Each structure stands twice: as structure tokens, then as C-alpha cells.
Amino acid sequence: MTANNPTPLLPKLRFPEFRDAGNWITKKLGNQGEFLSSLTSKTAKDFDTGDAVFIPYMNVFQNTFTNIFDLRSVKIGRKESQNVVVKGDVFFTISSETKEDAGMSSVLLEEIEKCYLNSFCALFRFDDEKSPNLVFLGYLLRSALARDHLSRGAQGVTRYNISKETFRRLPLQLPSSSEQQKIADCLGSLDDLITTENRKLEALRQHKQGLMQQLFPQPGEAVPRLRFLDFQNAEAWKKEKLHDLAKQGTGHTPNKAIAEYYNGGIKWVSLADSKRLDNGLIFETEIEISKEGINNSSAVLHPSGSVILSRDAGVGKSAIISCSMAVSQHFVVWTCDPNVLSNWFLYYQLQLLKPFLEGIATGSTIKTIGLPLFNAMQVTVPGLAEQHRIADCLSTLDVKLAAEAQRLDALKSHKRGLLQQLFPSQKTV
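Model, not experiment: these values are computed from the prediction. (Residues numbered from 1 in each chain as written. Predicted model: local features only at pLDDT ≥ 70, side-chain atom pairs only at ≥ 80, totals over all residues. Heavy atoms only, no water.)

**Student:** Sorry if this is basic, but what is going on with the nonpolar core here?
**Tutor:** Soluble globular proteins tend to pack their nonpolar side chains together in the buried interior. Ranked by internal contacts, the top residues of the largest apolar core, which has 76 residues, are Phe92, Trp334, Leu341 and Phe423. One finds Leu36, Val60, Leu108 and Cys115 within the second-largest nonpolar core, a separate group that totals twelve residues. (Core = buried A, V, L, I, M, F, W, Y, C linked by side-chain atoms within 4.5 Å. Buried < 20%, exposed > 50% of the residue type's maximum accessible area, 1.4 Å probe, protein only.)

**Student:** Even after reading the chapter, I still don't get the side chain of Glu197, so can you show me in this structure?
**Tutor:** Take Glu197: it is sitting in helix H5 (residues 177-215). Residue class for Glu197 comes out buried when judged on its relative accessible area of 3%. When sequence neighbours within four positions are dropped, the list of residues in contact with Glu197 reads Glu404, Arg407, Leu408 and Leu411. (Helix = DSSP H or I, 4+ residues; strand = E, 2+ residues; numbered from the N terminus. Contact = heavy atoms within 4.5 Å.)

**Student:** Could you clarify how one ought to interpret the environment of Glu284 in this entry?
**Tutor:** Among the structural elements, Glu284 can be located in the loop between strand S17 (281-282) and strand S18 (287-289). With relative accessibility at 43%, the residue Glu284 sits in the partly exposed group. Considered as a pair, Glu284 and Ile194 are 90 residues apart in the sequence and their alpha carbons are 28 Å apart. Those residues in contact with Glu284, other than ones at most four positions away along the chain, are Lys267, Asp273 and Arg276. Of the polar contacts made by the side chain of Glu284, one reaches the side chain of Lys267; its length is 3.1 Å. (Polar contact = N/O pair within 3.5 Å; in protein donor to acceptor, adjacent residues only side chain to side chain.)

**Student:** What am I meant to see in the confidence of the model for the protein here?
**Tutor:** Detailed reading of the predicted coordinates is not advisable wherever pLDDT is low. Confidence along the protein averages 92 in pLDDT terms, with 97% of residues attaining 70 or more. For the protein, strand S3 (residues 47-55) is the element with the lowest average pLDDT, namely 85, and strand S20 (residues 318-321) is the one with the highest, namely 98. Counted against residues more than four places away or in other chains, residues 1-5, with its pLDDT under 50, gives three contacts. (pLDDT = per-residue confidence, 0-100.)

**Student:** For this particular structure, what's the right way to read the sheet that holds S17?
**Tutor:** Strands in a sheet are paired, the pairing made by backbone hydrogen bonds, and the direction either parallel or antiparallel. With respect to topology, five strands assemble into an open sheet ordered S15-S22-S19-S20-S17, the strand pairing being mixed. Here the strands that pair on one side only, and so sit at the sheet edges, are strand S15 (246-249) and S17. Relative to S20, S17 runs parallel, the two sharing two bridges. Along S20, the bridge assignment pairs Ile282 with Ile321. Helix H8 (residues 343-360) rests against S17, strand S19 (307-310), S20 and strand S22 (331-336) of the sheet, and its axis sits at about 160° to S20. (Pairing = 2+ DSSP bridges. Axes fitted to C-alpha atoms, helices over the stretch in contact; angles between N-to-C directions.)

**Student:** In this structure, what is going on with the sheet that holds strand S21 (residues 326-327)? I would like to understand it.
**Tutor:** With mixed pairing, the three strands of this open sheet are ordered in space as S18-S16-S21. Two strands close off the open sheet at either side, each with one partner strand: S18 and S21. By the bridge criterion, two bridges tie strand S16 (residues 262-269) to S21 in an arrangement that is parallel. By the bridge assignment, Trp268 is partnered in S21 with Ala326.

**Student:** What should I look at first to understand the environment of Thr64 in this one?
**Tutor:** Structurally, Thr64 can be placed in the loop between helix H1 (57-62) and strand S4 (65-66). In this view, Thr64 contacts Ser105, Ser106, Val107, Gly138, Tyr139 and Arg142; residues no more than four positions away in its chain are not counted.

**Student:** For this particular structure, what's the right way to read the pattern of salt bridges?
**Tutor:** When their charged atoms lie close together, side chains carrying opposite charge are able to pair. One pass over the full model with this rule turns up 22 salt bridges. A salt bridge links Lys182 to Glu17, with the nearest nitrogen and oxygen atoms 3.4 Å apart. In this pair, Lys182 sits in helix H5 while Glu17 sits in the segment before strand S1 (25-28), placing the two residues 165 residues apart along the sequence. The exposure class assigned to Lys182 is partly exposed, which follows from its relative accessible area of 33%. A salt bridge links Glu286 to Lys275; the nearest nitrogen and oxygen atoms lie 3.5 Å apart. Of this pair, Glu286 sits in the loop between S17 and S18 while Lys275 sits in the loop between S16 and S17, placing them eleven residues apart in sequence. Salt bridges linked by common partners bring Glu197, Lys200, Glu404 and Arg407 together as one network. (Salt bridge = Lys/Arg side-chain N within 4 Å of Asp/Glu carboxyl O.)

What follows is the structure, encoded as C-alpha cells:
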């Protein structure tokens, strides 16, 4: 096909009423409108002040559509000539840390009075009558072909930048206006459902956090504000040194230059497992070490049920190991005496302490907490039966949280699949 006769495209999945509607057509973005300048000549003193607002970089990066909740204020002089954004404008990020994240886009669906765009973003405005359906456009710009074009066009070493010319060459695959509307309605409804599930999940998280604050005593107090009926007349909680209730340990990193120390089937928790923490039990680790690695380092095996906590990057994140595991030196480990301390009770108490631990971490590049703090650490505990009751209550909430998170992940996965099927892919070119 020639430049004047663009290659016809078809998606893998099409609604029944459009299966005989013919091919989609391709138009270059640059032929549909023009790029306008965003905020210019601004210094730090101009931001978070003044009576104007602007759309920040992260709003564009994270959101398919621009909303009005993340706006920041900016000072605009009376004589300055700045472009106010209008409904239908498209925003692109022009710089990113990875090629895959280059040129993320967002479409403005509603008018925002006296609003401007961050200078780290590009502002594109369609000519009259040339704009596609705005909701359809938002999803189109996040589809595989658009993202592939922009990531391939990103240039740089430490940061990746995209030129205006790369944006202008961006191909837009367009069906009829009625098919655009159908796709927009489908994906929009799915996004509404995802938003609802997100809110439910966040509400459940907030409920859990509030319940934890009620079930554990406030700082300086010995009785929680909310206590189960069976324990309302029980003794006040006692402050104890944690090392009197649990055996404390840590770990080590075997020499990475010796291959025999790794891939030996022994699970080894490291900073690479940060995403696996704060979810109760940890079952898998990114890296495994060997018996030789254990024998030739200060790493040790900790028994199943031990509670671990990150004291470096990801400070305060915790988990319970599901089987015998070793850990790196970035973690502190407690193996609870089951006669006096429930490991799940300790886990939830550490979860509650996470903001405090994050706040006391020190360091310029990597925040960390020294072992002396944990050596002297004290906890306030009730009797063992009350510990188990509190842990059971919170673990029940965690089960609900996990179910909601799985449902949300399933919806997001379904949306990704639809995006791949409802828009032409590279293989169909």
C-alpha cells in the first residue's frame, strides 16, 4: 500500500453488527491537528500558588483520561501567552525512564476552567471535525500499535525522549463513528466496574486499618479501645521486650560470584521479594540459594511460621514464611515462642507499626533501620487467647481483601485482553 492509500486493518474481535462494515482506515496524528506549547518559563516559586491550575505529569502518565482531582495550582502572569487546555485535547508525556513508558497519553473529556499543561508534556489539539470519539481515542492511544510506535520512537540513554515528529507520525486506526462509540461504551463500562471494585477494595483496606488501630492499644496505653466481649474483663496488656517472646535473627547474602551457592532449592528472601511482602504468608522467593551457600556464609535457615520484616528498601514490610527459608541481611526475623506469642498477632502488630518504622528509617539513598532498634524493641501484648482472637479477626478480613484484589486483577486482565482484541494488532498490518 502507498502513503496515499493506507494499509487496511482489522481487529481480531468485532461486534456482530460491524463484522461486514469494512476495513478500518489509518490516519497520521499530525495530519489531524497541531501541537501547541504547554507551560513555559516557570520557576519553582510559580507552582503551588496563584489562581490557575495545571495538569501534572503523573496525571497524564497514569490516566487514560484526565480528571480534575490531581490538579495543582500555578501562577500565570497577565501578559503571559499560555495555552489553556480545552475539551478534546490530547496530552502526551515527552520523557520517561524506560522506552516502554515513553509517550503515555491522556485525553481531556471535560472542560477545566483556566487550566494549563505541565511543560514535561506535549499538548495536541485536533482540527475542527477531525477528532475521533474522545473515549475511543483514549483507549486507541493506549492500544498495542500506538504504544509500540511511541516506545520504538523514544531516544535516550538514562532518560528516553520523544520528538514532536514521532508523535506526528503516530498512526490512528479508525472505524466508523458508530463502531468507535460501541467500543468506547464497552471499555468505558468495564472501566466503571474497575473503578467501583477499586473503591470497594480501598474501603476494605481502610476498614482493616481502622480496626487494627482499635484492636491494639494506642501509644502509652495498656488497653485497646475495642475489645472482644470474652476479654473485656481480662487483664491489661503488658509491655514486653520482643526478644523475650521470640528468637530474633537475621540473614546474609552468599557470595554471588560463586554459582554453586545459588539455585539449590532453598528459598531465600531478599529485597527482590518486596512485592511479595505485606500479604500474610510468603510462599515463593525470587532467588534460591543452596546448602553450600548456607554453609559458606552467615545465612541461616529459619523455621516455617517465622515473622520477617524488611529493615532496608521497603522499610517496615513484613510477612510470615510458609516453609523453612533463609533471608538476606536486609531482614530481621522472629521465631515466636508459641506459648507466649502468636506469630500472626506479631505480624499484624508489625503491620500497624509500619508507618512508624518508615518514619524513623534513615539514609540519603536507601532508608534503613539499624539492628539496635530491634534488639531493644518492646511490644504490648495480651494473653495468648486474646492474641489468637485478634489475629483470627484480621486474617478473616485479609481473606476478603485477597478475594477483592483477585477480582480486581481479573477485571484488569479482561480489559487488557479486550484492548488487544478490539483494536488492530501489529500482526494484522
